[in-house]
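Below, each chain spelled out in residue letters.
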Amino acid sequence: MSAPHTDVEEVEAANAAFYEALEQGDFERVSSLWLTPADLGVDETYHDPADVGVVSCVHPGWPVLTGRGEVLRSYALIMANTDYIQFFLTDVHVSVTGDTALVTCTENILSGGPAPEDGEELGPLVGQLVVATNVFRRTSDGWKLWSHHASPVLTESDDADDSDDSENRERPGILDDPEDPGIEGTPS
């Protein structure tokens, strides 16, 4: 087993490699960074490789994706539909316990869509702020992703007070009756 500071450095490098592969649109590299059934000691002759070792991924605004096949398909779709993407990672924190590592970070994303029909340049660049949690597992080939969860960061606007009131007006009953059983957390 390696020293704790070396583990943290190795996890930081694996995390950086993941984002670099996304920026480069390198699907093979992205695939190699996710756990495989073999990494988990699962005999693929008895199990469907898509279902074992259940890796998971949540992209902002997407449902939970589980299984290596489903997760990798999502990255293939994202890369096929994104002409340009760059990640500036901030607030990176790494915690390693045994063979599991947790990375939290803020993804400051700059991306560009397809070029307009009459131009050769990228479409407009869009910035996005996302917080992410990446879980890694130590394998014989180094640290590999087990789970990625990313959520958008909502920014406050000047009219935040007005939006709170209008949001509640759009959903009648939320504040009207404190004894309403819908408040208990059950969807209506």
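This text goes with the structure placed above it.
Fair warning: this is a prediction, and the values are worked out from it, not measured in the lab.

**Quick word on the pairing of strand β4 (residues 100-112)**
As defined by bridge partners, strand β3 (residues 84-97) adjoins β4 across 12 bridges and the pair is classed as antiparallel. Residue Gln-86 lies in a different strand from β4, and its bridge partner there is Leu-110. Connecting β3 to the antiparallel partner β4 that follows it, the hairpin turn spans 2 residues, and Gly-98 within it adopts a positive phi of roughly 60°.

**Comments concerning the nonpolar core**
Counting residues in hydrophobic clusters, the biggest one holds 30 residues, and the most contacted among them are Phe-18, Leu-22, Trp-34, Tyr-75 and Phe-136. Looking at this core, the elements with two or more residues in it are α1 (4-24), α3 (68-80), β3, β4, β5 (125-139) and β6 (142-152). The element contributing the most residues to this core is α1, with 7 residues. In this view, Phe-18 contacts Leu-33, Trp-34, Tyr-75, Leu-145 and His-148; residues no more than four positions away in its chain are not counted.

Parameters at a glance
- Residues numbered from 1 in each chain as written.
- Predicted model: local features only at pLDDT ≥ 70, side-chain atom pairs only at ≥ 80, totals over all residues.
- Heavy atoms only, no water.
- Pairing = 2+ DSSP bridges.
- Helix = DSSP H or I, 4+ residues; strand = E, 2+ residues; numbered from the N terminus.
- Core = buried A, V, L, I, M, F, W, Y, C linked by side-chain atoms within 4.5 Å.
- Buried < 20%, exposed > 50% of the residue type's maximum accessible area, 1.4 Å probe, protein only.
- Contact = heavy atoms within 4.5 Å.

Don't take any of this as a statement about function, it's just geometry.
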